[in-house]
Amino acid sequence: MNSLTAIDANAGSALTAPPPAVTARPETPRRAIPSSAGSGRRLGLEKASRFGWALGPFLLVLYWSVLSYTGFLDPRTLPAPWVAVDTAVDLVRTGRLQDNLAISAWRAFQGLLLGSGVGLVLALLSGLSLLGGYVIDGVVQLKRGVPVLALIPFMILWFGIGEVMKVSVIAVTVFVPIYVHTHNALRAIDIKQVELAETLGLTHLEFIRHVVLPGALPGLLLGLRFGVTASWLALVVVEQLNASSGIGYMVTLARNYAQTDVMLVGLIVYALLGLGSDALVRLVQGRALRWRRTLAA
Amino acid sequence: MSAVVSIRGLTRRFTLKGILNGIDLDIQEGEFVALLGRSGSGKSTLLRALADLDHEAEGEGEYSVPDRISVVFQDARLLPWKPVLDNVVLGLRGPDARERGRRALAEVELAGREEAWPHELSGGEQQRVALARSLVREPQLLLADEPFGALDALTRIRMHALLRRLRVSHDPAVLLVTHDVAEAIELADRIVILEDGRIHRDITVNLPAEGEARRERFAELEEELLALFGVRSDTGVGHGERERAQG
C-alpha cells in the first residue's frame, strides 16, 4: 500500500541478510564540508547571555548621563543620574525610602495575592464549566473596559479610605490579566489529553490536578507577569490619590515641594520594583516550565 | 475461550472519522484482531466507540467490552510536563504503582529513563512509553489506533517484535487499527476488513511460525489483501514503491 509495507513485509530477511556491499565510486567528486560551525542557516535564537537584558537599560542611563553632563538636559526638567543617586542615599539615611518602600511592597503583595487567587478561581470556574463561563466571562470582560481610576471613588465608598480599599483596588486590577491568560490556557487544553485522561480512568480531581492545572500553568504564569506589573501600576494610583505613607505618597509630597530629585527617585524605585518582580516571576517560570522546549530555552 | 468483546449491530453516524453501518464482531480472550481499511472506512470510529470516546456520536446497536481497557493512540500522548515514569503510572492505583511502572518501563527496554522528560525521547521511545502505560494496567483488551503509523520503517519493525513479546507475557485481546497490510499479517490472528462502515472480509491469518511455509503464506495473504484494495502486489504501484523502499 505504501513504501513502508514493502519493508515490513521483508522485515525478517532484511534484518538477517548481510548488508549490501558498499562499492567505491572513485569518479564521484567529493564535496568538501566546512568543519567550522555556523555555516548553516539557524532560525532559532542562539544561547542567551545571562545579563543580556541589562544592555538596553544601561544604554538608556548612558544616554541620560551624557545629556545631563553636557548640559543639554536642564536639571529642573530632569535631574542628572548622580543627583538621583545622592538623593536616594539621603532618603535611605533618614529611613524615608525603606519605610515607604516596605509599606508599598506589603500593599502590592497583598493585592497581588488576593487578585491572583480570585483570578485563578474565577478562571477555573469559567474555564472548566460551561455555566461558569456563561456567568463569569462576560462580567470579567465588562470589568476589563473600566479603568481603575474610574473605580476608585466607588471603592472608597464601599471600603473607606484605609488599607482595605488600597489592597482591593490592586487586587481588582491584578485579577484581570491572571483571569484572561489562565482562562485562555484552560480552554486551549488539547482534546487529545482529555481523551487520554478518559481512557486512563482519571477521576475529575485527578484530571484537574495532573492535566488541567499543569497544562494551564504557562498561561497562569504569563498572567502573573502582567499581574505583577499591574499591581505596581495600581499601587501608584491609589497611593498618589489617597495615602499618608508609601512610595506614591513620598512622590506626591515631593511634587508639592517641587523636589524633582525625590520624585525621580520614586520613579526609579517603581521601575526597579517592576523589573525585579518581573525577573522573579520569570525565574519561577523557568523552574516550573522546565519540561518545555521552546525557542528561547 | 470466551468472547471478551461482543459487538452486535453497531451503528454510528456523522462522526468526524467516518461512519459505522451495522457491525457484528466478536473478539476472543487473548485474540489479536487487526482492523484494516482505507481512511474513512470507519476503523477508527469503531475503536473510539469501544474505547467510549465517542460522546457526541449518534447511533444504535450494542457492544460489551471488558472492564480493563487500555488505548494506544497514533501519537504517544505523553503529558509533556510529567517525567516518563509519572506518565506511565498516571491514574494507576495502589501502593506499588511506581514499582509496577518501573517494571513496565524495563519491559519496553526503557529502564533508566524514568526521570527523562518526554521531549527528550525519540518518537519510537515515546511510543514505547505509551505501550508501558497501557500494559502496566494489565488490560483485558488493548485498543491500538495506528500505533506505529508515525514511526520510521526500522523502528516499526522493532516495535512489531516488542509488541509480539509483550503480547505473550500479558496476553490481552488486541484490536489493532492499521492501514498497513504487512503489519496486519505480521501481528494478527485475524484480519477484519472494513469498508464503508461494514465488515467486508474476516480472514484468519494462520501464519506458520517460520521458514519457507511462513514466507509463502505471508505472500499469499498479502496478495489477497492488496487485491481487495485494488492493488496488485506483483506489478504496478506496490512494486515500484517496494524497490524504492529497499534501494
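These remarks concern the structure in this document. All values reported here derive from a predicted model rather than from experimental measurement.

## Overview of the overall build of chain B
Of regular secondary structure, chain B possesses 8 helices and 9 strands. A compact globule built from 247 residues should have a C-alpha radius of gyration of about 18 Å, and chain B, at 18 Å, falls within 12% of that. The principal-axis extents of the C-alpha atoms in chain B amount to approximately 50 × 50 × 35 Å. Residue burial in chain B is summarised as follows: out of 247 residues, 53% are buried. Within chain B, counting contacts between residues at least 6 apart in sequence, those at least 24 apart form 69% of the total. Of the roughly 11,000 Å² of accessible surface on chain B, a fraction of 47% belongs to carbon and sulfur atoms. Positive and negative side-chain charges in chain B, numbering 33 and 43 respectively, have mean positions lying 3 Å apart.

## A word on the overall build of chain A
Per the secondary structure count, chain A includes 12 helices and 0 strands. Moving toward the C terminus, one meets the helices and strands of chain A in the order α-α-α-α-α-α-α-α-α-α-α-α. Within chain A, the fraction of its 297 residues that count as buried is 36%. Taking as baseline every contact in chain A between residues at least 6 positions apart, the subset at least 24 positions apart corresponds to 73%. Working note: accessible area of chain A is about 18,600 Å², and carbon and sulfur atoms make up 67% of it.

## Concerning the sheet that holds strand S6 (residues 141-145) of chain B
All names here are of chain B. Strand order in this open sheet of 6 strands is S5-S6-S7-S3-S8-S9, and the pairing throughout is mixed. Each end of this open sheet is capped by a strand with a single partner; those strands are strand S5 (69-72) and strand S9 (198-204). Going across the sheet, the axis of each strand differs from the next one's by a mean of 20°, ignoring polarity. Here strand S3 (residues 32-36) pairs with strand S8 (residues 190-195) via 4 bridges, running parallel. Counted as the bridge partner of Ala-34 is Ile-191 from S8. Docked against the sheet, helix H4 (residues 123-135) engages S5 and S6, running at close to 175° with respect to S5. Lying on the sheet, helix H7 (residues 211-228) is in contact with S3, S8 and S9; it crosses S9 at an angle near 170°.

## A closer look at helix H1 (residues 43-50) of chain B
All names here are of chain B. Counting buried positions along H1 yields 8 of 8 residues, so the element is predominantly enclosed. Buried within H1 we find Lys-43, Ser-44, Thr-45, Leu-46, Leu-47, Arg-48, Ala-49 and Leu-50. Residue Asp-52 follows H1 closely and has a positive phi angle near 60°.

## Considerations on the pattern of salt bridges
Inspection of the entire model under this criterion finds 31 salt bridges over all chains. For Arg-190 of chain B, the salt bridge goes to Asp-202 of chain B, with nearest N and O atoms at 3.0 Å. One end of the pair, Arg-190 of chain B, is in strand S8; the other, Asp-202 of chain B, is in strand S9, with 12 residues separating them in the sequence. For Arg-190 of chain B, a relative accessible area of 12% gives the class buried. Residues joined by salt bridges that share partners form a network here, namely Lys-192 and Glu-195 of chain A together with Arg-48, Asp-75 and Arg-77 of chain B.

## A look at the nonpolar core
Counting 52 residues, the largest nonpolar core has Ile-7, Ile-23, Leu-46 and Leu-143 of chain B as its most contacted members. In terms of residue count, helix H10 (residues 204-241) of chain A provides more of this core than any other element does, 6 residues in total. The residues touching Leu-143 of chain B, leaving out its near neighbours within four places in the chain, are Leu-47, Leu-50, Ala-51, Ile-69, Ser-70, Val-71, Val-72 and Leu-175 of chain B. Counting residues in hydrophobic clusters, the runner-up holds 49 residues, among them Val-72, Leu-131, Ala-188 and Leu-225 of chain B.

Rules and cut-offs
- Residues numbered from 1 in each chain as written.
- Chains lettered and ligands numbered in written order.
- Predicted model: local features only at pLDDT ≥ 70, side-chain atom pairs only at ≥ 80, totals over all residues.
- Heavy atoms only, no water.
- Helix = DSSP H or I, 4+ residues; strand = E, 2+ residues; numbered from the N terminus.
- Rg over C-alpha atoms; globule rule 2.2 N^0.38 Å.
- Buried < 20%, exposed > 50% of the residue type's maximum accessible area, 1.4 Å probe, protein only.
- Contact = heavy atoms within 4.5 Å.
- Areas by Shrake-Rupley, 256 points an atom, 1.4 Å probe, with all protein chains shown as cover.
- Lys, Arg positive; Asp, Glu negative; His and termini not counted.
- Charge placed at Lys NZ, Arg CZ, Asp CG, Glu CD.
- Pairing = 2+ DSSP bridges.
- Axes fitted to C-alpha atoms, helices over the stretch in contact; angles between N-to-C directions.
- Salt bridge = Lys/Arg side-chain N within 4 Å of Asp/Glu carboxyl O.
- Core = buried A, V, L, I, M, F, W, Y, C linked by side-chain atoms within 4.5 Å.

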